[in-house]
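Letter by letter, the chains look like this.
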Amino acid sequence: MPAAKLYARSPQPLYLQIAAVFRSNIHSRSWRPGQQVPPLEALVEQYGVARSTVRQAFGLLETEGLIRRSRGLGTFVNEALPQTPTLLIPKSWDETVALSNQLGTVSLMESNAGMALPDNLGMPCDQARDGGFQYLRRVHVTQAGPFCYSEVYLDSSLFRKHRSRIRTSTVAPVLDQFYGSRITQARQVLNVIEAGRESAEALQIPVSAPVAELRRYACLDGRVVYFARLEFPFQKIRMEFDLLAAG
């Protein structure tokens, strides 16, 4: 496919697309640490873009610590590439609690109690969904910075009972500590979406950047008491599976 048509598919500025291609070359080791990258004119011809576009892409990668430019010598991949800390996306309730315990919480918005759950949870749910819920919008952080943006609906009575802790903590560990034996159902689904304005601002990523969206709910005694929609930047997460584990 001609390069122009390929680039036209994306709403991102051209230099960001070219930077993504170069970044992929580095992460895939097509451009190895310490190696000199192809000269400017060769890249212009190979990717069908202007010299200024390649220079802008190089400027971004240099800021990220992936390359260094030396006048008269060329552009080189850095020998020591920066590592982005990642956390494992949970696949079970126990893993959800363990991950949640690693995150700090910063409140962005808290509604009045008494809200209803969204009509569409984004996954099958045949459990009772009545009653009022407290709505919380938060960003969860690690030492490396913002890691997860969340919108949470928590049963109003549970929120009132554990208000002080929930305002400074993720919800799953609180539910597990006090009600773990009564959790009758917990489900989760993962989607790939684009970051909106609120989540992009909270996570310090571009609007429309791809993010992993997790939707999850948990039930006590057959009734939904917790629903959350979370967004994770792709570069900060990983998923692992045992492909021979019993289904």
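Scroll up to find the structure.
Everything numeric here is computed off the predicted structure, so don't read it as measured data.

Quick notes on unusual backbone geometry
Residues apart from glycine generally show negative phi values, whereas peptide bonds are mostly found in trans.
Then step 1. Notably, Gln204 is not glycine yet its phi reads approximately 60°, a positive angle.
Then step 2. Residue Asp221 is not a glycine yet carries a positive backbone phi of 50°.
Then step 3. Residue placement: Asp221 occurs in the loop between strand 8 (210-220) and strand 9 (223-233).
Then step 4. Since its relative accessible area comes to 51%, Asp221 is described here as exposed.

Re the packing of aromatic side chains
Then step 1. If you walk through the whole model with that rule in mind, you get seven aromatic pairs.
Then step 2. For the pair Phe147 and Phe232, a centre-to-centre distance of 5.3 Å together with 70° between the ring planes defines the contact as edge-to-face. One end of the pair, Phe147, is in strand 6 (residues 145-155); the other, Phe232, is in strand 9, and 85 residues separate them in sequence. Side by side, Phe147 and Phe232 carry an identical accessibility label, which is buried.
Then step 3. Residues Phe178 and Tyr179 carry aromatic rings whose centres are separated by 6.4 Å and whose planes lie at 55° to one another, so their mutual orientation is tilted.
Then step 4. Chaining the aromatic ring pairs together yields one cluster made of Phe22, Trp31, Tyr47 and Phe58.
Then step 5. For the cation-ring pair, Lys91 lies above Phe241, with the distance from its terminal atom to the ring centre recorded as 5.7 Å.

Some details on the environment of Ile183
Then step 1. Mapped onto the elements, Ile183 comes out in strand 7 (residues 183-194).
Then step 2. Residues Ile183 and Leu220 lie 37 residues apart in sequence; the distance between their C-alpha atoms is 4.7 Å.
Then step 3. Discounting residues that sit within four places of it in the chain, Ile183 has contacts with Trp93, Cys219 and Leu220.

Rules of the game
Residues numbered from 1 in each chain as written. Predicted model: local features only at pLDDT ≥ 70, side-chain atom pairs only at ≥ 80, totals over all residues. Heavy atoms only, no water. Helix = DSSP H or I, 4+ residues; strand = E, 2+ residues; numbered from the N terminus. Buried < 20%, exposed > 50% of the residue type's maximum accessible area, 1.4 Å probe, protein only. Phe/Tyr/Trp six-rings, centres within 6.5 Å; stacked < 30°, edge-to-face > 60°. Lys NZ or Arg CZ within 6 Å of the ring centre and 35° of its normal. Contact = heavy atoms within 4.5 Å.

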